[in-house]
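Here are the chains, one letter per residue:
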Amino acid sequence: MKKRRKPELLVPAGSMEPLIAAVENGADAVYVGGRLFNARMNAGNFDDERMQQALDYAHARGVKVFVTMNTLIFDEEMEEAVEYAGFLYRAGVDALIVQDLGLGRRIHEELPDFPLHLSTQGTACDAEAVALAKELGYERVVLSRELSLAEMEAACRDGGLDIEVFVHGALCICYSGQCQMSRFYGGRSGNRGACAQPCRLPYEGVDENGKKISGHLLSPKDLCLVDRLGELIEAGVYSFKIEGRMKSPEYVAVVTRIYRKYIDEYMEKGSYHVTPEDRRELRQIFNRGGFTSGYLNGNPGEKLMSPVIPKNQGIRIGTVQSVKPGSTLVDVSCDILPDMGDGIEIRSERKAGKAVSTIISYRKEPGKGVLRIGDFKEPVQVGDAVYRTSSKKQLEAARSSFRNMSLDASPESRRIGRRRGIHLTLTCFDNVLRLTGTTIPETGELWDSQAKKSAVLEAGPFETDAERATPKERYENALRKTGNTPFEVESLRFRGDFDIRVKASEINALRRECLAKLEEEIRFRRTLPEGFRTMEAMGESETGLPVLPDTLPRVPLAALCLEADRSGQSLAEAYGNREDPEAVPFISNVTKGREDDILLHREGEIRELGQSVPILVGNLSWLHRLAGKGLRLYGDYGLNGVNRETARVLKEMGVEALCPGLERNETGELGEKRMPLMISEHDFSARELRNNKRGIRIRVEHPEYSSQSRIVPVVTERN
């Protein structure tokens, strides 16, 4: 039986309090945003001072810290981005999570020992994309969330890098890195860290049968894979990522604790069973109408979606039994009895989306299973559903795991929770005491910040007094008191002859100074290499590519393959007979599934065609398949090339010209309005949707050659 590799539990932190909650509840690593270039710029994030404090806090407890620089970088920002990466390198950040290929290239050239992780914004869907990331210097890839378990396993097996997948939290309905909806209908780009979440808005429209539909029709449930951790471990997934840099510290505490529990249980026993209590805890802290396992078993269809309420729905606890006219109190028939201070929402059974909320300030039990609660400022009706949206007990229990652990608290009042194990060795030679403290390495792969560290301190000499020598029990009692340090003594050894008498205060002083020195030793910093330079020092790159207009006529290469199949022609013949003689064949931004199958079936002919005909390539997987084979390749907008450095990366791979990422389009030309605003694995029943308040009108397309849905704008004079 093969030895299981212990996975990493990677937890989000939008500010210092969630970071402490993550560490104290068992995270192996946390990911945070700094003051620049991260995809959650509306989170609290960490300024430079707070970043250093966060790093020291986590590293002292053996926890890694990754920083997200996962937005697209414009040329005029590249210098600042590289400088900021230099600060993070010096500060001791364990790895950077990057989307922009140009930024990743610059960092890898300037700081080759700074680990890079390709963000899920990179839209990596298979082993080909992972292999390309490896060639570009990345050490880990965060896979797209639309993959099945079998597809994840193949990427782990054949890609050659550590693989990270999301296991819990919010899902995007669009492939990450390919969403243009927020930018197009509001000027706030998700690829630039400012997504306005139009997927959570209400829409109305018609389905494929012409039936009117309405609701939050682009809003998926949250992901929950707590039951599937063993399968992911056996598939080779290394890092289990929880989503939620905008979530509360209580959310972080609850979710981290539960996932920590079941990862450890599986590693110890090879199996586990999630208790009903833990399931209820996860649902109570946040859910959007239950959870989904996403695409792990294939496409879940409408089970993926949460069309009624796009926010936290809580847990249904009962039904309104009676309402007293003129009163703010309601009698509820309860399956679960809520407590004072719980958040309650009563939802109309007759009008979808109508809800009345309160925090329970009155509670009385007039009968068995019936609870009178209040107060409600708006009317409700008998039969309405009652939900508990927050549990005071749950929140207080979560807070207790990180209460009084603020880095701003004084050392005397600060509470220490999670500690790092150390070995202590006390030696006595020539009446001199020498105390050596050594950190115990974390299990699994060690990162630089987790390297074994030691501190040594001496005291004495002390007078010989064999008759009244200090007993070893007194040494042990004093040395095991680690107080307000992040350490826990796991072993204590004595060496030498202790025929001396030492005061308790002297032993305590030796311990305090040794542990203080060890705490200094484990503060991880780096020194910038000689020659580290900014873009300004290098001068402007001359490696730009010719720019293709977004009005460039195009034809799906997979559609040409299907036409060749139907007509019995070769691919070259189908291309020669295309309707628009100016159209350039393109490979979509996402080809997973049917489009991949169609293209792979004629890959040889594609290589032949590409010797003379340029092919627009929109994703990393097909770029890796076709690069370096003598083909004429154009880079499409799905590669998100918005700067000269990305153009340099693509040029080195043989790309001749580039259709830039749409973030750089400031003209709103008609060509852009042909491009998909979203590419989704979900098979929408809707055909056209609109939100009149926001001026959104979109159409859903299902190309014959693709497994994905495409959401495109309905072009009107207004937009």
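Residues numbered from 1 in each chain as written. Predicted model: local features only at pLDDT ≥ 70, side-chain atom pairs only at ≥ 80, totals over all residues. Heavy atoms only, no water.

(A) Spotlight on the overall build of the protein. Counting its secondary structure elements, the protein contains 20 helices and 32 strands. Since a compact globule built from 719 residues should have a radius of gyration of about 27 Å, the 29 Å found for the protein is in line with a globular shape. The proportion of buried residues among the 719 residues of the protein is 57%. In the protein, once contacts between residues fewer than 6 apart in sequence are set aside, the share between residues at least 24 apart is 71%. Carbon and sulfur atoms make up 47% of the accessible area of the protein, which amounts to about 30100 Å² in all. Averaged over its 102 positive side-chain charges, the protein has a centre that lies 6 Å from the centre of its 108 negative ones. (Helix = DSSP H or I, 4+ residues; strand = E, 2+ residues; numbered from the N terminus. Rg over C-alpha atoms; globule rule 2.2 N^0.38 Å. Buried < 20%, exposed > 50% of the residue type's maximum accessible area, 1.4 Å probe, protein only. Contact = heavy atoms within 4.5 Å. Areas by Shrake-Rupley, 256 points an atom, 1.4 Å probe, with all protein chains shown as cover. Lys, Arg positive; Asp, Glu negative; His and termini not counted. Charge placed at Lys NZ, Arg CZ, Asp CG, Glu CD.)

(B) Quick peek at the sheet that holds strand 26 (residues 615–617). The strand order across the open sheet formed by five strands is 24-25-26-27-28, and the pairing between neighbours is parallel. Here the strands that pair on one side only, and so sit at the sheet edges, are strand 24 (554–556) and strand 28 (655–658). Looking at each pair of strands side by side, their axes are set apart by 35° on average, direction ignored. Bridge count for strand 26 against strand 27 (residues 633–635) is three bridges, and the pairing is parallel. Considered in strand 27, the bridge of valine 617 is made with glycine 635. Taken strand by strand, helix 15 (residues 557–567) contacts strand 24, strand 25 (584–587) and strand 26, and its axis lies near 55° from that of strand 24. (Pairing = 2+ DSSP bridges. Axes fitted to C-alpha atoms, helices over the stretch in contact; angles between N-to-C directions.)

(C) Structural detail: helix 13 (residues 504–521). When the terminal C-alpha atoms of helix 13 are compared, their 26 Å separation across 18 residues agrees well with the 26 Å that a helix rising 1.5 Å per residue should span. For helix 13, the complete set of buried residues consists of Ile507, Leu510, Arg511, Cys514, Leu515 and Leu518. For helix 13, the buried positions fall inside an angular range of 120° around the axis, keeping them on one side. Where helix 13 is buried, its residues touch strand 20 (420–429), strand 21 (432–439), strand 22 (454–459), helix 12 (472–479) and strand 23 (487–496). (Expected span 1.5 Å × (residues − 1). Arc of directions from axis to C-beta.)

(D) Region of the structure containing the sheet that holds strand 9 (residues 212–215). The strand order across the open sheet built from six strands is 9-8-30-31-32-29, with neighbouring strands paired in antiparallel fashion. Looking at strand neighbours, the two that pair on one side only are strand 9 and strand 29 (678–680), the edges of this open sheet. Taken pair by pair, the neighbouring strands of this sheet meet at an average axis angle of 25°, ignoring direction. The sheet contact formed by strand 30 (residues 686–691) and strand 31 (residues 696–701) spans four bridges and is antiparallel.

(E) Region of interest: the packing of helix 4 (residues 101–110) against helix 20 (residues 644–652). Where helix 4 contacts helix 20, the axes come no closer than 6 Å and their chain directions differ by 85°. Accordingly, the angle class assigned to the pair helix 4 and helix 20 is roughly perpendicular. The residues of helix 20 that touch helix 4, namely those facing Leu101, Gly102, Arg105, Arg106 and Glu109, are Glu645, Thr646, Arg648, Val649 and Glu652. Each residue belonging to the contact of helix 4 with helix 20 can be placed in one class, and the counts come to two nonpolar, two polar and six charged. (Parallel < 35°, antiparallel > 145°, perpendicular 65-115°, else oblique. Nonpolar A, V, L, I, M, F, W, Y, C, P; charged D, E, K, R; others polar.)

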